Amino acid sequence: MLDMIINLTIIEMQKDYNDNNNSINWILSSFWSRTTEDFVARIYSSIDFEKYDLDDKNSCRIAVLEYFCNIATYEQKAKVIER
């Protein structure tokens, strides 16, 4: 089940939406907003940090970014800044 969630998340994070009325997107964002488990290593390489902006309509992408900020180690965050 976790593999399916991660795979769907990777797919959803790449999509751009005009509005935030997408049910699978909301379900995934709910998972990432609530989990405290460390899955950063499994999704890190798939996160396109350059796609984030304040007006992003992709709630999954926003939730994964917030998750990363809360869960990632100092070293993982430093790698993002170096990019």
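Above this text is the structure in question.
The structure displayed is predicted, hence computed values, not measured ones.

Trainee: Honestly, the packing of helix 1 (residues 2-13) against helix 4 (residues 59-71) in this entry has me stumped. Any pointers?
Mentor: Packed helix pairs are specified by the crossing angle of their axes together with the interaxial distance, meaning the distance between the axes. Two numbers describe how helix 1 lies on helix 4: the axes approach to 8 Å, and their chain directions differ by 115°. The orientation of helix 1 relative to helix 4 falls into the category roughly perpendicular. By crossing handedness, the relation of helix 1 to helix 4 is classed as left-handed. Across the interface between the two elements, Thr9, Glu12 and Met13 of helix 1 pack against Cys60, Arg61 and Val64 of helix 4. By residue class, the composition of the contact of helix 1 with helix 4 is 3 nonpolar, 1 polar and 2 charged.

Trainee: Even after reading the chapter, I still don't get the packing of aromatic side chains, so can you show me in this structure?
Mentor: Geometry of an aromatic ring pair is reported as the spacing of the ring centres plus the angle between the planes. Evaluation of the coordinates by the stated rule reveals 8 aromatic pairs. With a centroid separation of 6.2 Å and 25° between ring planes, the pair formed by Phe31 and Phe39 is classed as stacked. Take Phe31: its relative accessible area is 23%, and that puts it in the partly exposed class. Aromatic rings pair up to connect Phe31, Trp32, Phe39 and Tyr67 into one cluster.

Criteria and cut-off values
- Residues numbered from 1 in each chain as written.
- Predicted model: local features only at pLDDT ≥ 70, side-chain atom pairs only at ≥ 80, totals over all residues.
- Heavy atoms only, no water.
- Axes fitted to C-alpha atoms, helices over the stretch in contact; angles between N-to-C directions.
- Helix = DSSP H or I, 4+ residues; strand = E, 2+ residues; numbered from the N terminus.
- Parallel < 35°, antiparallel > 145°, perpendicular 65-115°, else oblique.
- Left-handed = near helix turned anticlockwise from the far one by under 90°.
- Contact = heavy atoms within 4.5 Å.
- Nonpolar A, V, L, I, M, F, W, Y, C, P; charged D, E, K, R; others polar.
- Phe/Tyr/Trp six-rings, centres within 6.5 Å; stacked < 30°, edge-to-face > 60°.
- Buried < 20%, exposed > 50% of the residue type's maximum accessible area, 1.4 Å probe, protein only.

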